[in-house]
Amino acid sequence: AAAIVDIMAKMGPLYEEAAAAATANGWDQDEEAVQELNAVYATMDSARVGLGELDGYGDTSTEGIDEVVAMYQAMLDEMPNIIAKYSEPYSN
């Protein structure tokens, strides 16, 4: 769980930066961009729920937790690319 907490602590500010950049640059008009940001938020919310409920990850095997951590880490690693994309002006 400590790895998930660490990833989510880093993810929050990056998500906020991506969402602010998207709004400032008109990406909020793009349905795919909105869906992408909503998916990131939903994943973060799911992690919060899992961590908030003691049993949220309680029945998950060590291998399963490793997979969850790897998924969250991959999303965290992708955030700079998402921020860079939404930092450019939107054009359809």
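Some words on the overall build of the chain
- Along the chain, the regular secondary structure elements total 3 helices and 0 strands.
- Taken from the N to the C terminus, the helices and strands of the chain come in the order α-α-α.
- Projected onto its principal axes, the C-alpha coordinates of the chain cover approximately 45 × 20 × 20 Å.
- For the chain, buried positions account for 34% of its 92 residues.
- If you take every contact in the chain between residues at least 6 apart in sequence, the share linking residues at least 24 apart comes to 79%.

Considering helix 1 (residues 2-24)
- Relative to the 33 Å expected for 23 residues at 1.5 Å per residue, helix 1 spans 34 Å between its end C-alpha atoms, a close match to the ideal helical length.
- Buried within helix 1 we find Ile4, Ile7, Met8, Met11, Gly12, Tyr15, Ala18, Ala19, Ala21 and Ala22.
- Buried residues in helix 1 make contact with helix 2 (31-52) and helix 3 (62-86).
- In the segment just after helix 1, Gly26 is the residue with positive phi, at about 85 degrees.

As for helix 3
- Here helix 3 is 25 residues long and its end C-alpha atoms lie 36 Å apart, about the 36 Å a rise of 1.5 Å per residue gives.
- Among all positions of helix 3, only Gly64, Ile65, Val68, Tyr72, Met75, Leu76, Met79, Ile82, Ile83 and Tyr86 are buried.
- Close packing links the buried residues of helix 3 with helix 1 and helix 2.

Examining the confidence of the model for the chain
- Looking at the chain as a whole, the pLDDT averages 90, with 90% of positions reaching at least 70.
- When pLDDT is averaged over each helix and strand of the chain, the minimum, 91, is found for helix 2 and the maximum, 95, for helix 1.

A closer look at the packing of aromatic side chains
- For the coordinates displayed, the defined rule picks out 3 aromatic pairs.
- Judged by centre distance (5.7 Å) and plane angle (50 degrees), the rings of Tyr15 and Tyr41 are tilted. In this pair, Tyr15 is assigned in helix 1 and Tyr41 in helix 2, connecting sequence segments 26 residues apart.
- These aromatic residues form a ring-pair network of at least three members: Trp27, Tyr86 and Tyr90.
- The cationic tip of Arg48 hangs over the ring face of Tyr41; the distance from NZ or CZ to the ring centre is 5.5 Å.

Details of the side chain of Asp30
- Note on placement: Asp30 falls in the loop between helix 1 and helix 2.
- Among buried Asp, Glu, Lys and Arg side chains, Asp30 stands out as unpaired, with Lys85 the closest opposite charge at 6.9 Å.
- Here the side chain of Asp30 touches Tyr90 through a polar contact of 3.4 Å, side chain to side chain.

Scoring rules and cut-offs
- Residues numbered from 1 in each chain as written.
- Predicted model: local features only at pLDDT ≥ 70, side-chain atom pairs only at ≥ 80, totals over all residues.
- Heavy atoms only, no water.
- Helix = DSSP H or I, 4+ residues; strand = E, 2+ residues; numbered from the N terminus.
- Buried < 20%, exposed > 50% of the residue type's maximum accessible area, 1.4 Å probe, protein only.
- Contact = heavy atoms within 4.5 Å.
- Expected span 1.5 Å × (residues − 1).
- pLDDT = per-residue confidence, 0-100.
- Phe/Tyr/Trp six-rings, centres within 6.5 Å; stacked < 30°, edge-to-face > 60°.
- Lys NZ or Arg CZ within 6 Å of the ring centre and 35° of its normal.
- Lys, Arg positive; Asp, Glu negative; His and termini not counted.
- Salt bridge = Lys/Arg side-chain N within 4 Å of Asp/Glu carboxyl O.
- Polar contact = N/O pair within 3.5 Å; in protein donor to acceptor, adjacent residues only side chain to side chain.

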